[in-house]
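Analysis of the macromolecular model
The residues making up each chain are set out below.
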Amino acid sequence: MDASWIAKFKGLSRLPADIQAELEDGSQIVSVPAGTQIFAPGQTADNLLLLLDGTVKVQQKSETGREVFLYRVHAGESCVLTTACMLAFEDYSAEGTAETAVKAVAIPRKMFDDLVAKSPVFREFVFTAYSRRITDLFTLIDDIVFQRMDVRLASRLLELADRSDVVHATHAVLGTELGTAREVISRTLSEFQRRGWIEQSRGEVRIVGREGLERLVKSSGAHGS
């Protein structure tokens, strides 16, 4: 196994050499294609995944079938829901899907339990990532309850845009991202287009007036969720 992956995680690079070697020997690098379901409600969390490449989208489905976006896991991060399930010995309550091709390190539960128990550095790594993501989730709740939809949509478009300033998402997908109806997204995007900030085509939104979106977000004191 390529040992260099440990250096991609700031907290782990401080582990003593013997613990690093144990972690390298006991873990496995896995790759999955885009669209793969990583975990689903009711499943047991058997491995802590540390992302090396790609993104994983975590969302929850209500009893009525409505999907609510929770957060994304990016390269260099771990999944807070997986961490919570492993610490509490609970099953997953949401689903995680590979948005892109994903490469990750899988740390088995037994090794996770052993390292949390005996390594202060590993324990700090786990709980620092955990607390940071919990803060993000409280921010998400705050945004949903208090933040205007146009501000939230502007912020999300800026977050999702690729290097060409294109967001590859339908109105329905954006509605799921922000926990609102597709019609609300459509109305708000139409207003953004009228202002000259975006152009729309099937399945994508192109940002042509980034400054306008950034100004809207900044003027409202918004932050990405």
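Rules used throughout
Residues numbered from 1 in each chain as written. Predicted model: local features only at pLDDT ≥ 70, side-chain atom pairs only at ≥ 80, totals over all residues. Heavy atoms only, no water. 1 Å grid on protein atoms, 1.4 Å probe; cavity = no way out; pocket = protein on both sides within 12 Å on 5 of 7 lines; lining within 4 Å. Points joined across faces, edges and corners; volume = space filled by probe spheres on them. UniProt positions renumbered as here; feature names shortened; annotations may be inferred. Helix = DSSP H or I, 4+ residues; strand = E, 2+ residues; numbered from the N terminus. Pairing = 2+ DSSP bridges. Axes fitted to C-alpha atoms, helices over the stretch in contact; angles between N-to-C directions. Contact = heavy atoms within 4.5 Å. Buried < 20%, exposed > 50% of the residue type's maximum accessible area, 1.4 Å probe, protein only.

1. Quick look at empty space enclosed by the protein
Under the definition given, this model contains 2 cavities of 30 Å³ or more. Lining the second largest cavity are I38, F39, L49, L51, V56, V73, C79 and T82.

2. Side note on the UniProt feature "domain: HTH crp-type" (unreviewed entry) in the protein
This chain's UniProt record puts "domain: HTH crp-type" (unreviewed entry) on residues 147–211. Taken end to end, residues 147–211 is 54% helix and 15% strand, and its first and last C-alpha atoms sit 20 Å apart.

3. Points about the sheet that holds strand β7 (residues 102–108)
With respect to topology, 3 strands assemble into an open sheet ordered β1-β7-β3, the strand pairing being antiparallel. Across the chains shown, the open sheet's two edge strands, defined by having one partner strand only, are β1 (28–32) and β3 (47–53). Strand-to-strand, the axes of this sheet are offset by a mean angle of 35°, without reference to chain direction. Pairing of β3 with β7, which is carried by 6 bridges, proceeds in the antiparallel orientation. Bridge assignment links L51 to a residue of β7, and that residue is A104. In the packing of helix α2 (residues 80–88) onto the sheet, contacts are made with β3 and β7, and the angle to β3 comes to roughly 160°.

4. Quick look at the environment of E211
Along the polypeptide, E211 turns up in helix α8 (residues 210–219). For E211, a relative accessible area of 54% gives the class exposed. For E211 and A34, which are 177 residues apart along the polypeptide, the C-alpha to C-alpha distance reads 32 Å.

5. Description of the UniProt feature "domain: Cyclic nucleotide-binding" (unreviewed entry) in the protein
In this structure's numbering, the residues bearing the UniProt feature "domain: Cyclic nucleotide-binding" (unreviewed entry) are residues 11–133. For residues 11–133, the helix share is 35%, the strand share is 32%, and the end-to-end C-alpha distance is 15 Å.

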